[in-house]
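Inside the fold
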Amino acid sequence: MAKNTPVKPASTASATKAPKASKLKMVAPIKAAKADTAVPPKMRDMPPNPPSRPSKEIHVFPNPAPERDYVIQFQIPEFTCHCPLTGQPDFAHFTIDMIADQYCVELKSLKMYFWSYRDEGAFHEKVTNTILEDIVKVTNPRFIRITAKWYVRGGIYTNVVTEHRKKGWKPLPAVDLPAHGFETGLLR
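Treat the numbers as computed from the prediction; the structure is a model and nothing was measured. (Residues numbered from 1 in each chain as written. Predicted model: local features only at pLDDT ≥ 70, side-chain atom pairs only at ≥ 80, totals over all residues. Heavy atoms only, no water.)

Notes on the nonpolar core
Operational definition: We call a set of buried Ala, Val, Leu, Ile, Met, Phe, Trp, Tyr and Cys residues a nonpolar core when their side-chain atoms join them within 4.5 Å. For the exposure calls, accessible area comes from a 1.4 Å probe over protein chains only, and a residue counts as buried if that area is under 20% of its type's maximum, exposed if over 50%, partly exposed in between. Secondary structure is summarised from DSSP: a helix means a run of H or I of at least four residues, a strand means a run of E of at least two, and numbering begins at the N terminus for each. Contacts are residue-level and defined by heavy atoms, with any inter-residue pair within 4.5 Å sufficient.
Counting residues in hydrophobic clusters, the biggest one holds 28 residues, and the most contacted among them are Phe-79, Phe-94, Phe-114, Ile-131, Ile-135 and Trp-150. For this core, the elements supplying multiple residues, two or more each, are strand E2 (72-82), strand E3 (89-99), strand E4 (103-105), helix H2 (107-115), helix H3 (124-139) and strand E5 (143-153). When residues no more than four places from it in sequence are discounted, the contact partners of Phe-94 are Phe-74, Gln-75, Ile-76, Phe-79, Phe-114, Thr-128, Ile-131, Ile-146, Thr-147, Ala-148 and Trp-150.

Structure (structure tokens):
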């Protein structure tokens, strides 16, 4: 039989007894490589921009609405560093609540900044306060609060909350709005 010739049933009778034909197409057999030459694996092309790297540099951009106070919240659930005494990994969920003044934090640089702690040893209290100081240096926000919820270590959870208020900044009074139930659009 010639290569790539599809197999036909011997007779109509045997074709009716055979299971339904598969929708798979026949593929030409792969030629065996010579013993001394290996077929290289299919490799992915390199991206035009190299992958990101950790960095201590935080970038900013102008606040698009500096005339009002509004809250920007960042959630960083995968923060990692390691204990400076034991070298064991420490994991935390960081929440950053910030009221910007003239500058906002650019997200990719914030991600690279947090990534830069992965191979560093740091006490929970020190790293949380250092992150606050570094963000304040580049943005000089009206207000920032960082809450770091450190995952359990030795049966103890640690939460560290640190904040900064710009000198002279006073928050607007809170506005309490009535709570409304969830509407489904269905009559009851």
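So, next bit.
Some words on a nonpolar patch on the surface
To be explicit about the condition: Here, patches come from residues exposed beyond 30% relative accessible area and free of salt bridges, joined within 9 Å for like charges and within 5 Å for nonpolar side chains (Val, Leu, Ile, Met, Phe, Trp, Tyr). Here, Shrake-Rupley sampling with a 1.4 Å probe gives the accessible areas, and only protein chains in the shown set may cover a residue. Basic side-chain nitrogens of Lys or Arg form a salt bridge, by our definition, when they fall within 4 Å of a carboxyl oxygen of Asp or Glu.
A cluster of nonpolar side chains, namely Val-60, Tyr-103 and Val-138, defines an oily patch on the protein surface of about 220 Å² accessible area. Here Val-60 shows up in strand E1 (residues 60-62). The partly exposed category is assigned to Val-60, whose relative accessible area is 32%.

Regarding the sheet that holds E2
To keep it simple, the criterion reads: Only when DSSP finds a minimum of two bridges between them are two strands counted as paired. Convention adopted: a line fitted to C-alpha atoms gives each axis, helices being fitted over their contacting stretch, and angles between N-to-C directions are expressed from 0 to 180 degrees.
The strand order E2-E3-E5-E6 describes an open sheet built from four strands, whose pairing is antiparallel. The sheet is open, and its two borders are formed by E2 and strand E6 (156-165), each paired with just one other strand. Each adjacent strand pair in this sheet contributes to an overall mean axis angle of 15°, direction not counted. Sheet analysis places E2 next to E3, joined by nine bridges and oriented antiparallel. The residue of E3 that forms the bridge with Gln-75 is Thr-95. On the sheet, H2 packs against E2 and E3 and is oriented at approximately 25° with respect to E2.

A word on the confidence of the model for the chain
Parts of the model with low pLDDT should not have their predicted coordinates read in detail. Applied cut-off: pLDDT runs from 0 to 100 and stands for how confident the predictor is about each residue.
With 71% of its residues at a pLDDT of 70 or more, the chain shows a mean pLDDT of 82. Looking over the chain, one finds the lowest element-wise mean pLDDT in helix H1 (residues 12-17), namely 48, and the highest in H3, namely 97. Taken as a whole, residues 9-16 scores under 50 in pLDDT and shows two contacts with residues more than four places along the chain or in a different chain.

Examining unusual backbone geometry
In the Ramachandran plot, Asn-140 falls in the positive-phi region, its phi being about 45° despite a non-glycine side chain. Relative to the helices and strands, Asn-140 is located in the loop between H3 and E5. According to the relative accessible area criterion, Asn-140 is partly exposed, its value standing at 38%.

So, the packing of aromatic side chains
Each aromatic ring pair is specified by the distance between its two centres and by the angle formed by the two planes. To be explicit about the condition: Each aromatic pair joins two rings of Phe, Tyr and Trp (for Trp, the six-membered one) with centres within 6.5 Å, and gets the label stacked for planes under 30 degrees apart, edge-to-face for over 60, and tilted for any other angle. We call a charge positioned over a ring when the NZ of a Lys or the CZ of an Arg lies within 6 Å of the ring centre and within 35 degrees of the ring normal.
Throughout the structure, instances matching the rule amount to nine aromatic pairs. Ring geometry for Phe-79 and Phe-114: centres 5.6 Å apart, planes at 85°, overall edge-to-face. Of this pair, Phe-79 sits in strand E2 while Phe-114 sits in helix H2, placing them 35 residues apart in sequence. Each member of the pair, Phe-79 as well as Phe-114, carries the same accessibility label: buried. Ring geometry for Tyr-113 against Tyr-117: centres 5.4 Å apart, planes inclined by 80°, an arrangement best described as edge-to-face. Tyr-117 gets classed as buried once you look at its relative accessible area, which sits at 4%. Clustering of aromatic rings is evident, with ring pairs tying together Phe-79, Phe-94, Tyr-113, Phe-114, Tyr-117 and Trp-150. The residue whose ring lies beneath Lys-56 is Tyr-113, and the NZ or CZ to ring-centre distance is 5.5 Å. Taking NZ or CZ as reference, Lys-56 lies 3.3 Å from the ring centre of Tyr-117, over its face.

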